[in-house]
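# Structural features, examined
Listed below are the residues making up each chain.
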Amino acid sequence: MSGDRVGRVLRGSPSQYVKLNIGGSLHYTTIGTLTKHDTMLRAMFSGRMEVLTDSEGWILIDRCGNHFGSILNFLRDGCIPLPESVKETAELLAEAKYYCISDLAESCERALQKKQREAEPICRVALITSQKEEQLLINSTTKPIVKLLINRHNNKYSYTSTSDDNLLKNIELFDKLSLRYSMRLMFIKDVIGSSEICCWSFYGHGKKVAEVCCTSIVYATDKKHTKVEFPEARIFEETLHLFLYEDRAGPDQELIQATSSRCGAVAGMSSYTSDEEEERSGLARLRSNKQNNT
């Protein structure tokens, strides 16, 4: 296969076989296959271009031959199964472009675009470790924000029996909401923030508009316990409420009041815990009982 290399114009019948040396990879095919489509190979083997041969008659093409078998199969059949890996598909695309096989190049490009879409995550959750990071994220986005601060190790006392389960339920709800609304809301998870154990914060137009704290201290006969709750309905309510802040002009205040079931909002921000709600309900029941007794 060594020897002098000679350039010559090649002409022959479609059924004539030719020997190809593509970067050291040897192939044997007909002129009819090479000239079947309007490609650079047709120009080479129809006499319009000079081809380089060695002393043994092998036609030399200075390209990698790893995918030339696929090139020939596409010329023969008009379609081929594309490689599974992105790397090999990109390599085949480069060869298709070199030989000017537009249909194969388009198929490779579509396959790469599909693989890229499949590789993209359904949603992204920012994991912050400092107040500075949090503020940068809040200022850099136009989306309303849902933030979950979760840190089980902040606890000073032992947990109640249901606290661990409720902690996991809060995390699972955060994951579900992020999967469902990631196109419209930004989700942030804070794992080493303040002294809180489990707390939801909601931001619109760069400002905190609501907060749901899920932890409280309860008193047993001998010691204090930390209680983690799962106020699912309230978390859903605040999350849906954030959609009012998608508009740059901001939500209509009358609409907020009409759609909000909460009382005691201060400066547009609602903050409550389950214990506070229970206390309000208990006071309401006492007043009702007193009026009935009277």
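Coordinates for the structure precede this section.
This is a predicted model, so every value here is computed, not measured. (Residues numbered from 1 in each chain as written. Predicted model: local features only at pLDDT ≥ 70, side-chain atom pairs only at ≥ 80, totals over all residues. Heavy atoms only, no water.)

### Some words on the state of the cysteines
All chains considered together, the criterion is met by 0 disulfides. Of the cysteine sulfurs around C213, a residue in no disulfide, the closest is that of C199, at 4.8 Å. According to the relative accessible area criterion, C213 is buried, its value standing at 9%. (Disulfide = S-S within 2.5 Å. Buried < 20%, exposed > 50% of the residue type's maximum accessible area, 1.4 Å probe, protein only.)

### Observations regarding the side chain of D54
Inspection of the secondary structure assignment puts D54 in the loop between β4 (50-53) and β5 (59-61). The side chain of D54 is buried and forms no salt bridge, while K19, the nearest opposite charge, is found at 6.5 Å. From its side chain, D54 meets the backbone nitrogen of E56 in a polar contact 3.0 Å long. Within polar-contact distance, the side chain of D54 engages the backbone nitrogen of W58 at 2.9 Å. (Helix = DSSP H or I, 4+ residues; strand = E, 2+ residues; numbered from the N terminus. Lys, Arg positive; Asp, Glu negative; His and termini not counted. Salt bridge = Lys/Arg side-chain N within 4 Å of Asp/Glu carboxyl O. Polar contact = N/O pair within 3.5 Å; in protein donor to acceptor, adjacent residues only side chain to side chain.)

### Details of the pairing of strand β11 (residues 207-213)
For β11, the tally of buried residues reaches 5 of 7 residues, placing the bulk of the element in the interior. Inspection of the sheet shows strand β10 (residues 198-204) paired to β11 by 6 bridges, in the antiparallel sense. Counterpart to S201 in the pairing with β11 is E211. Linking two consecutive strands that pair antiparallel, namely β10 and β11, is a turn of 2 residues; a positive phi of about 55° is found at H205 within it. (Pairing = 2+ DSSP bridges.)

### Here's the deal with the environment of R124
By the secondary structure assignment, R124 is in the loop between α5 (102-119) and β6 (125-128). Between the C-alpha atom of R124 and that of L179, which follows or precedes it by 55 residues, the distance is 8.7 Å.

### Quick word on the pairing of strand β3 (residues 25-30)
Here strand β2 (residues 17-22) pairs with β3 via 6 bridges, running antiparallel. Its bridge partner lying in β3, Y17 is registered against T30.

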